[in-house]
Amino acid sequence: MSDKSFIDNLISQMTLEEKAAQMVQIPVSAVGMEESLKWAEMGAGSFLNVFGDDIKELQKAAMEKSRLKIPAIFGTDAVRGHAENKDATIFPSSLTMAATWDRDLLRQVAAATAAEVATDGLHWDFAPLFCLARDPRWGRTGETFGEDKYLAGELGAAQVRGYQGDDLSADDTVLACAKHYIAYGEATGARDSYDTEVTFRKIRDEFLSPFRKAIEAGCGSFMTAYGSIDGTPLTANKKALRDILRDELGFDGIVVTDWDTVNYLVVRQKVCKDINEASRAAASAGNDIIMCTSAFYDAVIEEVREGRLEEKILDDAVRHILSVKLKMKLWDKPIKKGIPGSIGCKAHLELAKKAAENSVIMLKNDGVLPISFNKKIRKIAVIGPNANDIRAQYGDWTYFTHPLPGVKKEPARPYVTLLEGVRAQTEGSGIKVEYAYGCAVNRPDYHRETKDIGAFIDMCYEINEHGTDNYKQMPFINEAASLARESDLVILALGDNYTQAGEYTDRADLDLSGMQEALVRIISGFKVPIITVLIATKPLAIPDVVKRSDAVVCAFNGGMFGGEAVAEVLFGKKNPEGRLPISFPVMTGQVPVYYNQLPGWHEGRYVDCPKEPLFVFGEGLSYTWYEYSGLKFDAGTKTVTVTVANTGDMKGTETVQIYINDKVSSIMTADKNLAGFEKVELEPGESREVSIRLDDEAFEVTLPDETRVIEHGEFDIMAGHSSRDEDLIKITVVL
Ligand code: GLC
């Protein structure tokens, strides 16, 4: 029997109730096993937030007690490893791994994650994100691959291939989920789940291509975003879900809503008067599985019974669900086996370490790096709230922020903090390493005498300018200041922590929070070289820290071995190869600062802010230097060729970046857009010719009628080390 006839036959047997149940996804952690078992017996199609033996029990109920014995599909959030499981491998965050610009590494990470997720019996990973983070005030910036559609699309598609492998029914692969469809991070004011005021032309021009790459990679499911496009919630957005995703892009997998968004149509977005209208709207718009809104079941049955909704709408949804379950061979393999022993295994831990090592971005170095063992440095002070805090080093979507049912939020080895990494690097060298907390990231209550932060900051300035020692009033800063003053080098670990990022956690102020700025001012007053390491979920506005630091290294959230990876860079064991996947603002008011801005802004800057961002997309320093020459373009194959040379005395890995500028177009386009990249490892003195084939879409514009065309004319093709003009060589071609 063909798949189609199997599905047609099954649908023909299903009652309206069974079709409605197949569309329901039950959050077991929220409703408990007793209620979940009842849903399984009713034929609920999907469950989430459940693991191990409970999956077996629920699947047994679904396949033995429901009338048609259709297997359920079980999903979880393993965005950066199966990190809700304390024993699992915790990789760097997506934004951190995006700094590797390494498609195959991201694919390997996804494949390792799939094996661990499947070993817990799960079929479905709600990952990767294809959202763009173009305003770092957004709480979920760290979950994305950064600000650029090409980089996000390439890395996300690589992860889809890693999660799904070549066979969705294999023991160690899982169904991937392209989320959150669409333009979720572009909401006005970077407000999580708020309205996104963009046109569908803009959506096609900026946000659709990553999701198109997800489909080309075979992604089996999509998740609709919480937000809305110009007033129409994605959950009820037929144009997005049916016209574009289904009819135009030909997506035939599962569309799942985000958490309880059908209910939000009523209680938050207020576009439906009750759950019946919301259920009708969500089903009509093209959602197949309804996450968590179990009231959908009765409502949608009533809507069909009352003739307000065609049953065919449910048939189509059920068809999408069953066809994916069939591809996964769930009837034969109802429980994923995974690879026994793979959870937290040595190979995966080594991969996590490699991902961390290759993501470290050196942003400033006045010569203090790499730290040498030339006897001049006898004592190193490691200072700061994030130097020895694994919670801060992890960031979001781990067992600290989203624990499995019953998992305690206590640190579980193995992991290496920055302090531990520095100690490991200096062991046996005679260099003394001491640590001081300094101040809290977001709790300004460590100064005891004054609760007035303004007075506190004034006190800090006073310390600097007059060298007075009244900082003794602040025990933690006092301790850090004393340590810094008597040391030969300071390594300062600053940033944010997971209480300042994630869903529902957007920031209005990207300055360093708490007393961190004061700590930097005080310590920089002692004229001891400072290496600042940013351990944060996102870019922060740190111009003063950069000015007062002799070196700046961005680690974002490096996962289990983030501290070890940074320490290897600081001591020259690893030549940093990370490149920024997202730009840094000088101040919050400067956002958005993504690199591919449209032209036309009078003056191109605010009068009270520098023109340039603090750091730009694509940049990252190395212990060696790279030179570009011989840029050529073959219009026939749209292939760019350029020679890159390592002109320094240390082996290094460069990320060759290709940007395109459509010099004159009938609709405004950015002065440059990333169109290709490749990594190349070069020995000192070695040069290599790199060829990169570009997609047509790199040259296309999206017209007001939403069609995409390549307009005849001149195009600048640029190749180089970052998106900075001074880092790029350019040729102009005519297409
Ligand atoms: C959350 C997130 C989504 C996640 C889902 C299930 O609210 O928006 O990314 O996959 O709910 O946990």
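All of these numbers come straight from a predicted model, not from anything done at the bench. (Residues numbered from 1 in each chain as written. Predicted model: local features only at pLDDT ≥ 70, side-chain atom pairs only at ≥ 80, totals over all residues. Heavy atoms only, no water.)

(A) Main features of the overall build of the protein chain. Looking only at helices and strands, the protein chain has 21 helices and 26 strands in total. Against the compact-globule benchmark of 27 Å for 735 residues, the protein chain has a radius of gyration of 26 Å, which places it among compact chains. Considering only contacts within the protein chain whose residues lie at least 6 apart along the sequence, 76% involve residues at least 24 apart. Total accessible area computed for the protein chain in this model is approximately 26,100 Å², and 49% of it derives from carbon and sulfur atoms. Where the 83 positive side-chain charges of the protein chain centre and where its 111 negative ones centre are 2 Å apart. (Helix = DSSP H or I, 4+ residues; strand = E, 2+ residues; numbered from the N terminus. Rg over C-alpha atoms; globule rule 2.2 N^0.38 Å. Contact = heavy atoms within 4.5 Å. Areas by Shrake-Rupley, 256 points an atom, 1.4 Å probe, with all protein chains shown as cover. Lys, Arg positive; Asp, Glu negative; His and termini not counted. Charge placed at Lys NZ, Arg CZ, Asp CG, Glu CD.)

(B) Quick peek at the environment of His402. Position of His402 relative to the elements: it lies in the loop between helix H15 (390-394) and helix H16 (418-426). Residue classification places His402 among the partly exposed positions, given a relative accessible area of 22%. Separated by 224 residues in the primary sequence, His402 and Tyr626 have C-alpha atoms spaced 42 Å apart. When residues no more than four places from it in sequence are discounted, the contact partners of His402 are Glu84, Asp396 and Trp397. Within polar-contact distance, the side chain of His402 engages the side chain of Thr401 at 2.8 Å. (Buried < 20%, exposed > 50% of the residue type's maximum accessible area, 1.4 Å probe, protein only. Polar contact = N/O pair within 3.5 Å; in protein donor to acceptor, adjacent residues only side chain to side chain.)

(C) The nonpolar core, seen in detail. By size, the foremost hydrophobic cluster in this structure holds 196 residues, and its most contacted members are Phe47, Tyr181, Phe222 and Ile383. Listed in part, the 31 residues of the second largest apolar core include Ile431, Ile491, Ala493 and Tyr623. (Core = buried A, V, L, I, M, F, W, Y, C linked by side-chain atoms within 4.5 Å.)

(D) Quick peek at unusual backbone geometry. Following Lys179, the chain continues to His180 via a peptide bond in cis, the omega torsion being -10°. Mapped onto the fold, His180 is located in strand S5 (residues 178-181). With an omega of 10°, the peptide bond running from Tyr181 to Ile182 counts as cis. In this structure, Ala190 takes a positive phi of about 55° despite not being glycine. Of note, Ala190 is situated in the loop between S5 and strand S6 (195-196). Among the residues examined, Ala190 registers a relative accessible area of 1% and is labelled buried. With phi around 55°, Lys527 is a residue other than glycine that occupies positive phi space.

(E) The arrangement of the site of the ligand in detail. In the vicinity of the ligand, the residues found are Leu48, Asp77, Phe126, Arg140, Lys179, His180, Met223, Tyr226, Asp258, Trp259, Met291 and Glu503. A distance of 2.6 Å separates an oxygen atom of the ligand from a polar side-chain atom of Asp258. Within the contact set of the ligand, an oxygen atom lies 2.9 Å away from a side-chain nitrogen or oxygen of Glu503. Within the complex, the protein chains bury 95% of what would otherwise be the 310 Å² of accessible surface of the ligand. Among the residues making up the shell around the ligand, the classes are represented as 6 nonpolar, 1 polar and 5 charged. (Near = heavy atom within 4 Å. Nonpolar A, V, L, I, M, F, W, Y, C, P; charged D, E, K, R; others polar.)

(F) Looking closely at the pairing of strand S17 (residues 551-554). The two faces of S17 match: Ala551 and Val553 on one face and Val552 and Cys554 on the other face are all buried. When strand S12 (residues 361-365) meets S17, the two strands line up antiparallel, connected through 4 bridges. Its bridge partner being in S17, Ile361 is matched across the sheet by Cys554. Pairing between strand S16 (residues 530-535) and S17: 4 bridges, direction parallel. Counterpart to Thr532 in the pairing with S17 is Val552. For the crossover that starts at S16, traverses helix H20 (residues 543-548) and ends in the parallel S17, the hand is right-handed. (Pairing = 2+ DSSP bridges. Right-handed = clockwise from strand over helix to strand, strands pointing away.)

(G) Here's a closer look at helix H14 (residues 346-357). Taking 1.5 Å of rise per residue, the 12 residues of H14 would be expected to cover 16 Å, and the 16 Å separating its terminal C-alpha atoms lies within 8% of that figure. Those residues of H14 that fall on the buried side of the exposure criterion are His348, Leu349, Leu351, Ala352, Ala355, Ala356 and Glu357. Those residues of H14 hidden inside the fold are in contact with helix H5 (94-98), helix H6 (103-119) and helix H21 (562-570). (Expected span 1.5 Å × (residues − 1).)

(H) Focus on H6. Over its 17 residues, H6 runs 24 Å from end to end, which matches the ideal 24 Å to within 8%, given 1.5 Å per residue. Buried within H6 we find Leu105, Leu106, Val109, Ala110, Ala112, Thr113, Ala114, Ala115, Glu116, Val117 and Ala118. Taking the backbone nitrogen of Asp104 as reference, a side-chain oxygen 3.1 Å away marks Asp102 as the first, capping residue of H6. Downstream of H6 by one or two residues, Gly121 has phi in the positive range, about 90°.

(I) Spatial organisation of the pairing of strand S21 (residues 673-682). Counting buried residues along S21, 7 of its 10 residues qualify, which places the element largely inside the surrounding structure. Inspection of the sheet shows strand S20 (residues 652-662) paired to S21 by 9 bridges, in the antiparallel sense. Among the inter-strand pairings, Ile658 is bridged to a residue of S21, identified as Gly676.

(J) Layout of the sheet that holds S12. In space, the 6 strands of this open sheet follow the order S12-S17-S16-S15-S13-S14, with mixed pairing throughout. Of all strands in the sheet, those bounded by a partner on one side alone are S12 and strand S14 (432-436). Taking each pair of neighbouring strands and ignoring which way they run, the sheet shows an average axis angle of 15°. Those strands touched by H21 are strand S15 (489-495), S16 and S17, and its axis lies near 150° from that of S16. (Axes fitted to C-alpha atoms, helices over the stretch in contact; angles between N-to-C directions.)

(K) Expanded view of the sheet that holds S6. One open sheet accounts for 3 strands, arranged S6-S8-S9; its pairing is mixed. Looking at the sheet topology across the chains shown, the edges are occupied by S6 and strand S9 (232-233). In this structure, strand S8 (residues 228-229) lies alongside S9, joined through 2 bridges in antiparallel fashion. Bridging across to S9, Ile229 finds its partner in Thr232.

(L) Spotlight on empty space enclosed by the protein. Enumeration according to the criterion identifies 6 cavities of 30 Å³ or more in this entry. If you add up the space inside the largest cavity, you get close to 100 Å³. What lines the largest cavity is a set of 15 residues, among which Ser93, Gly142, Glu143, Asp396 and Trp397 lie closest to the centre. Class assignment for the residues of the lining of the largest cavity results in 3 nonpolar, 8 polar and 4 charged. (1 Å grid on protein atoms, 1.4 Å probe; cavity = no way out; pocket = protein on both sides within 12 Å on 5 of 7 lines; lining within 4 Å. Points joined across faces, edges and corners; volume = space filled by probe spheres on them.)

(M) Looking closely at the packing of H6 against H14. Axis separation between H6 and H14 bottoms out at 10 Å; the angle between their running directions is 145°. Where H6 crosses over H14, the handedness of that crossing is left-handed. When H6 is examined against H14, the residues Leu105, Gln108, Val109, Ala112, Ala115 and Glu116 are found in contact with a partner set consisting of His348, Leu351, Lys354 and Ala355. Looking at the contact of H6 with H14 residue by residue, the classes come out as 6 nonpolar, 2 polar and 2 charged. (Left-handed = near helix turned anticlockwise from the far one by under 90°.)

(N) Spotlight on the domain arrangement of the protein chain. The assigned domain composition of the protein chain is domain 1 (3-327), domain 2 (353-604) and domain 3 (626-734). A straight line from the C-alpha centre of domain 1 to that of domain 2 covers 36 Å. Taken residue by residue, the interface counts 48 residues in domain 1 and 51 residues in domain 2. Here domain 1 meets domain 2 over a buried area of about 3,900 Å², counting both sides, of which 59% is carbon and sulfur. Here domain 1 is connected to domain 2 by 1 salt bridge. Secondary-structure elements contributing two or more residues to the side of domain 1 that touches domain 2 are H5 and H6. For the side of domain 1 that touches domain 2, the leading source of residues is H5, giving 4 residues. Residues belonging to the side of domain 1 that touches domain 2 are distributed by class as follows: 22 nonpolar, 11 polar and 15 charged. (Domains from an automatic or database assignment. Buried area = accessible area lost by both parts, 1.4 Å probe. Salt bridge = Lys/Arg side-chain N within 4 Å of Asp/Glu carboxyl O.)

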